[in-house]
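One letter stands for each residue in the lines below.
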Amino acid sequence: MTAVAERPAETRAEAPIETRPVRVKIRRYVPELNPEPYWQTFEVHALPTDRVLNLLLDIKGYQDGSLTFRRSCAHGVCGSDAMRINGVNRLACKVLVKDMPDEITIEPIKGLPLEKDLVVDMEPFFEAYRSIKPFLITYGQPPTREHIQSQADRERFDDTTKCILCAACTTSCPVYWTDGQYFGPAAIVNAHRFIFDSRDEGTEERLEILNDREGVWRCRTTFNCTEACPRGIEVTQAIAEVKKALLYRRV
Amino acid sequence: MTAARSYPTIPPVIESPRSAPNRPRRTRTNTELYAWLFMRVSGIVLVVLVLGHLFIMNILDGGVQRINWGFVAGRWASPFWQVWDLLMLWLAMIHGTNGLRVIINDYTRRDGTRLTLKAVLYTATTITIALGTLVIFTFNPDMGS
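Residues numbered from 1 in each chain as written. Chains lettered and ligands numbered in written order. Predicted model: local features only at pLDDT ≥ 70, side-chain atom pairs only at ≥ 80, totals over all residues. Heavy atoms only, no water.

**Examining the overall build of chain B**
Counting its secondary structure elements, chain B contains 4 helices and 0 strands. Secondary structure elements of chain B, listed N to C terminal, follow the sequence α-α-α-α. Per-residue burial over chain B gives 28% buried out of 145 residues. Surface exposure of chain B reaches about 10,800 Å², of which carbon and sulfur atoms provide 69%. (Helix = DSSP H or I, 4+ residues; strand = E, 2+ residues; numbered from the N terminus. Buried < 20%, exposed > 50% of the residue type's maximum accessible area, 1.4 Å probe, protein only. Areas by Shrake-Rupley, 256 points an atom, 1.4 Å probe, with all protein chains shown as cover.)

Structural data, given as structure tokens:
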């Protein structure tokens, strides 16, 4: 006789999912229709498992298809959806709605030119990133075997390899808000990743770039960047290490 | 026979679609490094100098009530207090000026505004330091009596 797994009847009935009404206040900007940004509030019934990104997708899908924002992987890896959520820079895909109050304020990240709704022009950010030469520099003959690095040497820049270039740190920096020429925390973090890499030979030139008027000395150790980083990088610490390397001319 | 078709020539270098970085020329000096270091060092020294000054002037032996011409003359008779006050004047003035310079650099957007504010700042600093130094060195207890 074949054993049949009898499913208890009560578990078959789906438990009703409890939703929670959340007011999402979004700073919108549609340059074609209105030269000024304005606030618009949407009401969304959030699921217990929702993240803020789900609310935005819900609004875009069911309420207002014109809402514009960036998002790609939606799992905190690509760094597309950095925005100011309740006044602090966060990745929308990493903030759980259950941790949020009933009204959630969402603004674009500050300090970069606004293009539409939550989309900003990232070019100044990436220009700063490119100008610190974010690639391995070596001189001389091409090596015949791989560069060997000890675990201790790798440990020195391990923290700064985690950067996903979401711009949450740079656009949380009060110095960057008023002075767009400042390289910003993200560029310094990525310079740190190569400056403290024992295989890299471009240390001097990178330090020289960051020794400039718009370099690390602009940093006021506000710690906004460390607080904003969705990857938990100790950004201010990294900037301080670059300052120290410049001060003693030793990495 | 078909004539050889001419293809549009492809430029050998494809231009970057991005605008050139709008960055000021690099200075290649250590000015900002020294300014940063000066703020730290002078700050530590000023904690001792200023707190000492405030303690002597406002708390010790009856505080501000006893400060008069004779009290200042008595202190400045000693080279120790002359050096103390001179050091405090210079360090505090340069420390404060550098702080304001940094704030001006942070918050001004137009070159003209920055230049004007810095001109006012440096003029005021120079006058204050020069006047203070002059008084410390040329102070004569018998002046005006």
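**Section: the nonpolar core**
Counting residues in hydrophobic clusters, the biggest one holds 70 residues, and the most contacted among them are I26, V52, L56, I85, I104, I106 and L210 of chain A. In this view, L210 of chain A contacts I132, F183, I188, A191, I195, G215, V216, W217, V242 and L246 of chain A; residues no more than four positions away in its chain are not counted. (Core = buried A, V, L, I, M, F, W, Y, C linked by side-chain atoms within 4.5 Å. Contact = heavy atoms within 4.5 Å.)

**A short note on the sheet that holds strand β3 (residues 82–85) of chain A**
Residues and elements named next belong to chain A. Spatially, β2-β1-β5-β3-β4 is the arrangement adopted by the 5 strands of the open sheet, whose pairing is mixed. One side of each edge strand has no neighbouring strand; the edge strands of this open sheet are β2 (38–46) and β4 (88–91). Looking at each pair of strands side by side, their axes are set apart by 35 degrees on average, direction ignored. In the sheet, β3 pairs with β4 via 4 bridges, with the strands oriented antiparallel. Bridged to I85 within β4 is V88. Packed on one face of the sheet, helix α2 (residues 52–63) meets β1 (20–28), β2, β3 and β5 (103–107) and runs near 100 degrees to β2. (Pairing = 2+ DSSP bridges. Axes fitted to C-alpha atoms, helices over the stretch in contact; angles between N-to-C directions.)

**Here we look at the interface of chain B and chain A**
Each partner contributes to the interface: chain B provides 19 residues, whereas chain A provides 24 residues. A salt bridge links R218 of chain A to D106 of chain B, with the shortest nitrogen-to-oxygen separation between them at 3.5 Å. Counting across the chain B and chain A interface gives 3 residue pairs in polar contact (both at pLDDT 80 or more). At the level of elements, α1 (31–59) and α3 (79–107) of chain B are the ones that each hand at least two residues to the side of chain B that touches chain A. Tallied by class, residues from the side of chain B that touches chain A come to 7 nonpolar, 5 polar and 7 charged. (Salt bridge = Lys/Arg side-chain N within 4 Å of Asp/Glu carboxyl O. Polar contact = N/O pair within 3.5 Å; in protein donor to acceptor, adjacent residues only side chain to side chain. Nonpolar A, V, L, I, M, F, W, Y, C, P; charged D, E, K, R; others polar.)

**As for the side chain of R114 of chain B**
Residue and element names in this part refer to chain B. Assignment of secondary structure puts R114 in helix α4 (residues 111–138). Judged by relative accessible area, which is 18%, R114 ranks as buried. A distance of 3.1 Å separates the side chain of R114 from the side chain of T108, its partner in a polar contact. Setting aside anything within four residues of it in sequence, one finds R114 in contact with I104, N105, T108 and R109.

**A few points about the packing of aromatic side chains**
Within the structure shown, the criterion is met by 7 aromatic pairs over all chains. Plain terms: the ring middles of F125 of chain A and F126 of chain A are 5.2 Å apart, the flat faces sit at 70 degrees to each other, and that makes the pair edge-to-face. The class for F126 of chain A is partly exposed, based on a relative accessible area of 28%. An aromatic cluster of at least three residues, connected via ring pairs, comprises W69, W76 and F139 of chain B. Looking at R75 of chain B, its charged tip hangs above the ring of W81 of chain B, at a distance of 4.4 Å from the centre. (Phe/Tyr/Trp six-rings, centres within 6.5 Å; stacked < 30°, edge-to-face > 60°. Lys NZ or Arg CZ within 6 Å of the ring centre and 35° of its normal.)

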